[in-house]
Amino acid sequence: MSFSIGKILGVKIRIHFSWFLIFALITWTLAAFYLPTQFPGLSVEVYWILGAISALLLFVSVLIHELAHSYVAIKRGLPVPSITLFLFGGVSELSSEPADPKTEASMSVVGPLTSFAISGISAIAWYAVVIFDFGTVVQAPLFYIALINLLLGGFNLLPAFPLDGGRLLRAGIWQWKKDLIPATKLATRISTVFAYGIVGFGFFIVLFGDFIGGLWLIFIGWFLKSGADQSLRQTIVMQALSDVNVRDIMTKDVIAIPPEKTLSEAVTEYFGTYKHGGFPVVQEDRIVGIITIDDLKKVAEQDRLYRRVEEIMTPRKKLIFLKPDESAVDAFIKFSRNDIGRLPVLEEERLVGIVTRSDVFRVIRIKAQGEI
Ligand SMILES: [Zn+2]
């Protein structure tokens, strides 16, 4: 649901598709309502151009806000693989949860502080433009950026998980309870009540006149509710897997298929005998690919007699590997990013095991029982 636009600070920047809709909506709101009321006397075309520029500047502001989070996270030793940007913010994908409440607090607070700083600088620039009378065309976007970053900082400080304010709240509870999971649960519960409150208030506003304003609130409330649910699930999963290594969950006695076997042989000697959904293909102790039941199904029955495993397998260069000492969290992340069923485990180029999706989910089920 998102695509990549490049890398900053080593973090992949992704844009969620819904962002285009929001961009259009914001440009329209600005060009048709906000700008003509605040800065009258310009032509319709200019309002639309200024609307689009302001919406883009909002995007840049959100990006800087998220990068501030990433910067502190990386400094504190938490790698950030990617940021996905959508409405009012983004989600910085963390490869693990912060190790202690203080890290969480400093990571969270830097975002709103950055937004307030951008707001302050833009306000000063706007004031200078007003004094030296550079004209409305320069004034309008600067004023908007000052205002929107003030709102952005304020909005993100709302005590609703996974907003920064919610994370600060969780850090506080975490410090008090000394345990991440109960803290996340309590913070999520508070956030959910808060989110429903916003949705309810939105309906109230829709009923009593301001349709668009109300709709925005309903949308924001719903966004917060689903964000809170997702964060809770993610925290529970990460926690369940955090002290488990790939070595602990991998299957060690790997059954491998030689690449020169015909597909018929693969069916009778391997898929039919061991009932696995896929097998690594190994030649002289070296993994050269993986063949799955789905690969087999693509080949017509009569062709399986002469076609070979190496012709239809996923070749090595397209495989994703694990190391035995890697955390099970890494395996989970690799599975959730790629639509694959099994990951081979390599130790110095040697195939030492295989981890399936269900191996990871079994650990989550057992360790997080009753928590999801
Ligand atoms: Zn933030």
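Residues numbered from 1 in each chain as written. Predicted model: local features only at pLDDT ≥ 70, side-chain atom pairs only at ≥ 80, totals over all residues.

### Examining the overall build of the protein chain
Here comes step 1: When you go through the protein chain residue by residue, the secondary structure sums to 13 helices and 9 strands.
Here comes step 2: Relative to the compact-globule value of 21 Å for 372 residues, the protein chain shows a C-alpha radius of gyration of 26 Å, a clear excess of over 25%.
Here comes step 3: In terms of principal-axis extent, the alpha carbons of the protein chain reach across some 80 × 50 × 40 Å.
Here comes step 4: Among the 372 residues that make up the protein chain, the fraction classed as buried is 35%.
Here comes step 5: Counted over contacts in the protein chain with a minimum sequence separation of 6, partners at least 24 positions apart contribute 63%. (Helix = DSSP H or I, 4+ residues; strand = E, 2+ residues; numbered from the N terminus. Rg over C-alpha atoms; globule rule 2.2 N^0.38 Å. Buried ≥ 20, exposed ≤ 12 C-beta atoms within 10 Å, placed from the backbone. Contact = placed C-beta atoms within 7 Å.)

### Regarding the pairing of strand β6 (residues 286–292)
Here comes step 1: Bridging between strand β5 (residues 278–283) and β6 involves 6 bridges; their strand directions are antiparallel. Within β6, the position partnered with Val281 by the bridge is Gly289.
Here comes step 2: In textbook terms, the turn of a hairpin is the stretch between consecutive antiparallel strands, and for β5 and β6 this stretch comprises 2 residues, one of which, Glu284, has a positive phi near 45 degrees.
Here comes step 3: Examined bridge by bridge, β6 and strand β7 (residues 314–315) share 2 bridges and lie antiparallel to one another. Its bridge partner lying in β7, Ile290 is registered against Thr314. (Pairing = 2+ DSSP bridges.)

### Topic: the domain arrangement of the protein chain
Here comes step 1: Segmenting the protein chain into domains produces domain 1 (2–241) and domain 2 (246–367).
Here comes step 2: Inter-centroid distance (C-alpha atoms) of domain 1 to domain 2 is 41 Å.
Here comes step 3: With 6 residues of domain 1 in contact, the opposing surface of domain 2 contributes 8 residues.
Here comes step 4: Within the side of domain 1 that touches domain 2, the residues separate by chemical class into 4 nonpolar, 2 polar and no charged. (Domains from an automatic or database assignment. Nonpolar A, V, L, I, M, F, W, Y, C, P; charged D, E, K, R; others polar.)

### Thoughts on the nonpolar core
Here comes step 1: Counting 50 residues, the largest nonpolar core has Leu35, Ala160, Ala195, Ile198, Leu224 and Ala228 as the members making the most contacts within it.
Here comes step 2: Ranked by residues supplied to this core, first place goes to helix α2 (residues 44–75) with 9 residues.
Here comes step 3: Ala240, Leu241, Phe335 and Val355 belong to the second-largest nonpolar core, a separate cluster that totals 18 residues. (Core = buried A, V, L, I, M, F, W, Y, C linked by C-beta atoms within 7 Å.)

### Some points on helix α12 (residues 328–337)
Helical geometry note: an α-helix holds 3.6 residues per turn, so side chains three or four residues apart project in the same direction.
Here comes step 1: Buried within α12 we find Ala328, Val329, Ala331, Phe332 and Phe335. Around the axis of α12, the buried residues are gathered within 160 degrees of arc, so they sit on the same side.
Here comes step 2: Tucked into the core, α12 has its buried residues touching α7 (211–241), α8 (246–249), β8 (342–347), β9 (350–356) and α13 (357–367). (Arc of directions from axis to C-beta.)

### Some words on helix α4 (residues 136–156)
Here comes step 1: With 21 residues, α4 extends 29 Å from end C-alpha to end C-alpha; this agrees with the ideal 30 Å at 1.5 Å per step.
Here comes step 2: For α4, the full list of buried residues reads Ala140, Pro141, Leu142, Phe143, Tyr144, Ile145, Ile148, Asn149, Leu152, Gly153 and Asn156. (Expected span 1.5 Å × (residues − 1).)

### Some words on the sheet that holds β7
Here comes step 1: On the basis of which strands lie adjacent, the open sheet formed by 3 strands has the order β5-β6-β7 and antiparallel pairing. Two strands lie at the open edges of the sheet, namely β5 and β7, each paired on one side alone.

### Re the packing of helix α1 (residues 18–38) against α2
Here comes step 1: Here α1 crosses α2 at 130 degrees, and the two axes come no closer than 8 Å. Judged on the interaxial angle alone, α2 and α1 are oblique. Considering how the two elements wind past one another, α1 and α2 form a crossing that is right-handed. Residues Phe23, Ile26, Thr27, Leu30, Ala31, Leu35 and Pro36 of α1 form the contact with α2, whose own contacting residues are Tyr47, Trp48, Leu50, Gly51, Ala52, Ser54, Ala55 and Leu58. (Axes fitted to C-alpha atoms, helices over the stretch in contact; angles between N-to-C directions. Parallel < 35°, antiparallel > 145°, perpendicular 65-115°, else oblique. Left-handed = near helix turned anticlockwise from the far one by under 90°.)

### Quick look at the packing of helix α5 (residues 164–177) against helix α6 (residues 180–207)
Here comes step 1: Packing of α5 against α6 leaves a shortest axis separation of 8 Å and a crossing angle of 140 degrees. When the interaxial angle is binned, α5 and α6 end up oblique. Regarding α5 and α6, the two cross each other, and that crossing is right-handed. Within the contact between the two elements, α5 uses Gly166, Leu169, Arg170, Ile173, Trp174 and Lys177 and α6 uses Leu180, Pro182, Ala183, Thr184, Leu186, Ala187, Ile190 and Ser191.

### A short note on the environment of Ile236
Here comes step 1: Take Ile236: it is sitting in helix α7.
Here comes step 2: Ile236 sits in the partly exposed class, given 19 other C-beta atoms within 10 Å.
Here comes step 3: Separated by 100 residues in sequence, Ile236 and Thr136 have C-alpha atoms that sit 51 Å apart.

### Here's the deal with unusual backbone geometry
Here comes step 1: With a phi close to 65 degrees, Lys178 is a non-glycine residue in the positive phi region.
Here comes step 2: By the secondary structure assignment, Lys178 is in the loop between α5 and α6.
Here comes step 3: A tally of 10 C-beta atoms within 10 Å means that Lys178 is categorised as exposed.
Here comes step 4: The backbone of Glu349 shows a phi angle near 70 degrees, a positive value even though the residue is not glycine.
Here comes step 5: Among the structural elements, Glu349 can be located in the loop between β8 and β9.
Here comes step 6: Among the residues examined, Glu349 registers 9 C-beta atoms within 10 Å and is labelled exposed.

### Digging into the environment of Gly111
Here comes step 1: By secondary structure assignment, the location of Gly111 is in helix α3 (residues 101–132).
Here comes step 2: Residue contacts for Gly111: discarding those within four places in its chain leaves His65, Ala68, His69, Asn156 and Asp164.

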